[in-house]
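Examining the three-dimensional arrangement
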Amino acid sequence: MSMKKILYTIVTLLFPSLCCAQIFSSDDWNDQKTMIMGKWSQLYYELNVGINVAPDTYNSCGDFVYFSVGYGKPNTKNAWRKFLPDSQQSAPGSKDEMLERTDDSTSGLHAGTIGLGWQHFFNHVIGFHLQAGWGFIADFGSGSSSSSTTDASSDGETKKTFIYNTVPVQAGLDINLWNNLNLQVGATYMWKEIPIITIGLGATF
């Protein structure tokens with residue numbers, strides 16, 4: 001088969017998909033009033049649920065206000081490492097002892113977030129989102145049995161459940177393809193850490 005025929009076959013197969021993508025669509029959002037989105041980053045696994053607050057206000061623009069909830073598992077190997085308190089850092093000793101103590105000290109840590117966001121589409125294809133909320137790290141562990149006497153006497157019975165509070169802020173680009181499929185690429189920022197890439201996949205209906 002010649003190169004011309006191969007290219008023709010590829011174009012023929014891709015053309016329906018390109019049409020469905022509605023790259024220059026002027027469709028309105030009247031029939032799409034709900035948004036559900038799943039997001040991932042090194043910080044959180046998130047679920048967003050929102051509604052179109054003004055489906056009839058603009059011809060081709062869409063505005064979704066959404067509620068976000070997320071969960072994360074902090075450890076010293078992911079983006080949470082800069083948010084861990086000094087007590088969760090490895091103590092002096094051999095390399096194996098340091099790794100063991102680090103694993104023990106972070107095994108009971110869990111992170112969560114709740115927030116509100118706004119997703120705006122300029123047309124039926126491209127838009128952006130902004131999100132802010134409250135994030136925390138909670139220690140549900142019973143404490144490490146390998147803690148030193150000094151640590152035990154200082155923490156002991158006064159161990160705090162919440163060890164870190166923060167305000168994650170998120171922003172990114174949204175692309176709506178195949179009429180209902182919504183893709184997001186953005187970043188989540190928290191104090192002490194550079195922005196973390198955040199990817200989302202969802203649907204509007």
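Being a predicted model, the structure only gives us computed values, none of them experimental. (Residues numbered from 1 in each chain as written. Predicted model: local features only at pLDDT ≥ 70, side-chain atom pairs only at ≥ 80, totals over all residues. Heavy atoms only, no water.)

In the sheet, strand β3 (residues 62-72) pairs with strand β4 (residues 109-121) via 11 bridges, with the strands oriented antiparallel. Across the sheet, residue Tyr66 finds its bridge partner in β4, namely Gly117. Sheet topology note: the β4/strand β5 (residues 126-139) ladder contains 13 bridges and is antiparallel. Within β5, the position partnered with His120 by the bridge is Phe128. In sequence, β4 turns back onto β5 through a hairpin of 4 residues. (Pairing = 2+ DSSP bridges. Helix = DSSP H or I, 4+ residues; strand = E, 2+ residues; numbered from the N terminus.)

Let's shift gears to a nonpolar patch on the surface. Among the surface-exposed residues, Ile36, Leu47, Val49, Phe67, Val69, Ile114, Leu116, Trp134 and Phe205 lie close enough to one another that they form a single nonpolar patch of about 820 Å² accessible area. Every element with two or more residues in the nonpolar patch is listed here: β2 (45-52), β3 and β4. Relative to the helices and strands, Val49 resides in strand β2. Judged by its relative accessible area of 42%, Val49 falls in the partly exposed class. (Patch = residues over 30% accessible without salt bridge, like charges linked within 9 Å, V, L, I, M, F, W, Y side chains within 5 Å. Areas by Shrake-Rupley, 256 points an atom, 1.4 Å probe, with all protein chains shown as cover. Salt bridge = Lys/Arg side-chain N within 4 Å of Asp/Glu carboxyl O. Buried < 20%, exposed > 50% of the residue type's maximum accessible area, 1.4 Å probe, protein only.)

Turning to the nonpolar core, a few remarks are in order. Soluble globular proteins tend to pack their nonpolar side chains together in the buried interior. Counting 12 residues, the largest nonpolar core is built from Leu43, Tyr44, Ala79, Trp80, Phe83, Leu84, Leu109, Ala111, Ile137, Tyr164, Met190 and Ile196. Apart from residues no more than four positions distant in its own chain, Met190 is found in contact with Leu43, Tyr44, Trp80, Phe83, Thr166, Val167 and Pro168. (Core = buried A, V, L, I, M, F, W, Y, C linked by side-chain atoms within 4.5 Å. Contact = heavy atoms within 4.5 Å.)

Its location among the elements puts His129 in strand β5. Apart from residues lying up to four places away in sequence, His129 is in contact with Lys39, Tyr66, Trp118, Gln119, Gln170, Ala171, Gly172, Leu173, Asp174 and Gln184.

As enumerated under the stated definition, the model contains 1 cavity of 30 Å³ or more in all. Space inside the largest cavity adds up to approximately 60 Å³. If you list the elements that add at least two residues to the lining of the largest cavity, you get β4, β5 and β7 (169-177). Taken together, the residues of the lining of the largest cavity break down into 5 nonpolar, 6 polar and 1 charged. (1 Å grid on protein atoms, 1.4 Å probe; cavity = no way out; pocket = protein on both sides within 12 Å on 5 of 7 lines; lining within 4 Å. Points joined across faces, edges and corners; volume = space filled by probe spheres on them. Nonpolar A, V, L, I, M, F, W, Y, C, P; charged D, E, K, R; others polar.)

Let us now look at the packing of aromatic side chains. Tallied over the entire structure, the rule returns 6 aromatic pairs. The interplanar angle of 90° and the centroid separation of 5.3 Å between the aromatic rings of Trp118 and Phe128 together place this pair among those described as edge-to-face. Highlighted residues: Trp118 in strand β4 and Phe128 in strand β5, separated in sequence by 10 residues. Note on Trp118: relative accessible area 34%, which makes it partly exposed. Given a relative accessible area of 23%, Phe128 falls into the partly exposed group. Among the aromatic side chains, those forming a connected cluster through ring pairs are Trp29, Phe64 and Phe121. (Phe/Tyr/Trp six-rings, centres within 6.5 Å; stacked < 30°, edge-to-face > 60°.)

Looking at the protein as a whole, its pLDDT mean stands at 75, while 63% of the residues score no less than 70. In this model, residues 17-24 is a region of pLDDT below 50 whose contacts with residues beyond four sequence positions or in other chains number 12 contacts. Note that residues 144-159 has pLDDT below 50 and, in this model, 8 contacts with residues that lie over four places away or in other chains. (pLDDT = per-residue confidence, 0-100.)

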